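One letter stands for each residue in the lines below.
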Amino acid sequence: MKVGFIGTGSMGGLLIDTFLNSGALDPCDVLASNRSPGKLLELQKLHPGLTVCSSNIETASGSDIVFLCVKPMQFKALTDEIAPYLRNEQLVVSITSPVQLHHLESVLPSKIAKIIPSITHSVKSGTSLCIFGSRLNKKDRQSLLQLFSFIGVPAEIPEDHTRIASDFSSCGPAFISYFLERWIEAAVSATGIDEALVSRLAGEMLLGTGKLLTEGSFTPQELQERVAVRGGITAEALNHLRTSLEGVFERLITTTHDKYGEDVQQLDATFGRDGIAQGPLDR
């Protein structure tokens with residue numbers, strides 16, 4: 001099975017690295033094209049045997065599965081370029097959340113899926129969000145689920161939950177990292193604790209908390225109740241957080257959904273699909 005990647009930037013390159021390092025694919029299985037030849041040569045140097053293609057058309061036509069790893073507003077030009085060279089039996093996978101299945105199914109002859117990866121796949125962890133188009137059969141779905149099971153936990157979701165699910169699986173590492181960054185900065189400033197030490201403590205804490213939530217059968221509320229003894233230090237600090245963060249998460253969700261809605265509307269216009277714009281939380 002030949003797997004092609006059009007776009008080898010941050011996430012495209014990460015997918016190639018993790019699929020190869022995990023053993024899901026061999027370098028001889030992978031084709032790649034990119035606007036920047038330097039990135040392709042770096043990948044080929046890291047993974048001898050990987051095929052560097054001279055054009056997106058070469059990648060698309062030579063692959064059984066084609067991953068489209070470009071920015072949302074680059075999709076229409078890309079699909080116009082490769083559509084004549086794709087076949088009905090090929091799987092085309094977008095990793096870009098605002099690009100809708102109907103956008104791609106309207107212009108490409110192939111079977112269409114959308115799979116949103118996470119930076120956590122680089123350590124064989126995290127969830128990949130899988131949205132399958134109407135042309136895929138059971139075998140097609142199983143092939144993609146099996147491929148992504150090498151680098152994390154694939155989860156099939158409805159397309160209208162793409163944005164909110166991505167807030168956790170894909171954007172979540174940045175949100176949580178920001179929280180830890182501010183907490184660590186405050187700790188160092190207030191107490192003089194070594195930054196490297198407290199960063200390691202925070203990382204190990206986050207790893208353990210994730211295991212408790214995924215393997216230990218705890219809900220977030222149950223975990224709080226288990227740690228925060230009534231009248232104790234943790235309970236006092238939790239009360240402070242509840243007051244200070246009132247409305248923050250609601251505004252966070254509104255922000256990500258508003259931007260997502262804007263991107264989808266631009267894509268609708270780009271792909272020539274007119275209609276009534278949905279509200280930010282309807283997508």
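Residues numbered from 1 in each chain as written. Predicted model: local features only at pLDDT ≥ 70, side-chain atom pairs only at ≥ 80, totals over all residues. Heavy atoms only, no water.

### Some details on the environment of Phe150
Under the convention used in this document: Here a helix means four or more residues in a row that DSSP labels H or I, a strand means two or more in a row labelled E, and each is numbered from the N terminus. In what follows, a contact means two residues having at least one pair of non-hydrogen atoms within 4.5 Å.
Within the element layout of this structure, Phe150 appears in the loop between helix 6 (138–149) and strand 8 (153–156). Spatially, the C-alpha atoms of Phe150 and Phe19 are 7.2 Å apart, while their sequence positions differ by 131 residues. For Phe150, the residues in contact, after removing those within four places along its chain, are Ser22, Gly23, Ala24 and Lys124.

### Let's talk about the sheet that holds strand 3 (residues 51–52)
To be explicit about the condition: Here, strands pair whenever DSSP counts at least two bridges between them. Angles here are taken between N-to-C directions and fall from 0 to 180 degrees, while the axes themselves are lines fitted to C-alpha atoms, restricted in helices to the stretch in contact.
Read across the sheet, eight strands follow the order 3-2-1-4-5-6-7-8 without closing on themselves; strand pairing throughout is mixed. The sheet is open, and its two edges are formed by strand 3 and strand 8, each paired on a single side. Taken together, the four bridges between strand 4 (residues 65–68) and strand 5 (residues 91–94) define a ladder with parallel strand orientation. Bridged to Leu68 within strand 5 is Ser94. Those strands touched by helix 4 (residues 75–82) are strand 1 (3–6), strand 4 and strand 5, and its axis lies near 155° from that of strand 4.

### Re the pattern of salt bridges
Cut-off, in case you're wondering: For this document, the term salt bridge refers to a Lys or Arg side-chain nitrogen within 4 Å of an Asp or Glu carboxyl oxygen.
Summed over the entire model, instances satisfying the criterion amount to seven salt bridges. A salt bridge links Glu89 to Arg87, with the nearest nitrogen and oxygen atoms 3.0 Å apart. A salt bridge links Lys114 to Glu159; its shortest N-O distance comes to 3.1 Å. Here the residue Lys114 occupies a position in strand 6 (residues 111–116), and Glu159 occupies one in the loop between strand 8 and helix 7 (162–169), the gap between them amounting to 45 residues.

### Comments concerning helix 4
In an α-helix, one turn spans 3.6 residues; hence positions three or four apart end up facing the same way. This is how the line gets drawn: A simple rule labels every residue: compare its accessible area, found with a 1.4 Å probe on the protein chains alone, to the largest value its type can have, and call it buried under 20%, exposed over 50%, or partly exposed in between. As used here, the arc is the angular range of directions from the helix axis to the C-beta atoms.
Regarding helix 4, the residues found buried are Phe75, Leu78, Thr79 and Ile82. Projected down its long axis, helix 4 shows its buried positions confined to an angular sector of 95°, all on one face. If you follow the buried residues of helix 4, they end up packed against strand 1, helix 3 (56–61), strand 4, strand 5 and helix 5 (101–105).

### Let's talk about the nonpolar core
Selection criterion: Only buried residues count toward a nonpolar core. Its members are Ala, Val, Leu, Ile, Met, Phe, Trp, Tyr and Cys residues joined through side-chain atoms within 4.5 Å.
Phe5, Ile16, Phe19, Phe67 and Leu144 are the most contacted members of the largest nonpolar core, which has 28 residues in total. By residue number, the principal contributor to this core is helix 1 (residues 10–22), which donates four residues. Not counting chain neighbours up to four residues away, the residues in contact with Phe19 comprise Phe5, Ala24, Leu25, Phe67, Leu147, Phe148 and Ile151. Membership of the second largest hydrophobic core comes to 23 residues, among which are Leu68, Phe75, Leu104 and Leu108.

### Let's talk about the state of the cysteines
Put simply, the test is: Disulfide: a pair of cysteine sulfur atoms within 2.5 Å of each other.
Under the criterion given, the structure shown has zero disulfides. Not engaged in a disulfide, the cysteine Cys53 finds its nearest cysteine sulfur in Cys69; these two sulfurs lie 13 Å apart. Taking relative accessible area as the criterion, Cys69 reaches 12% and is therefore assigned buried.

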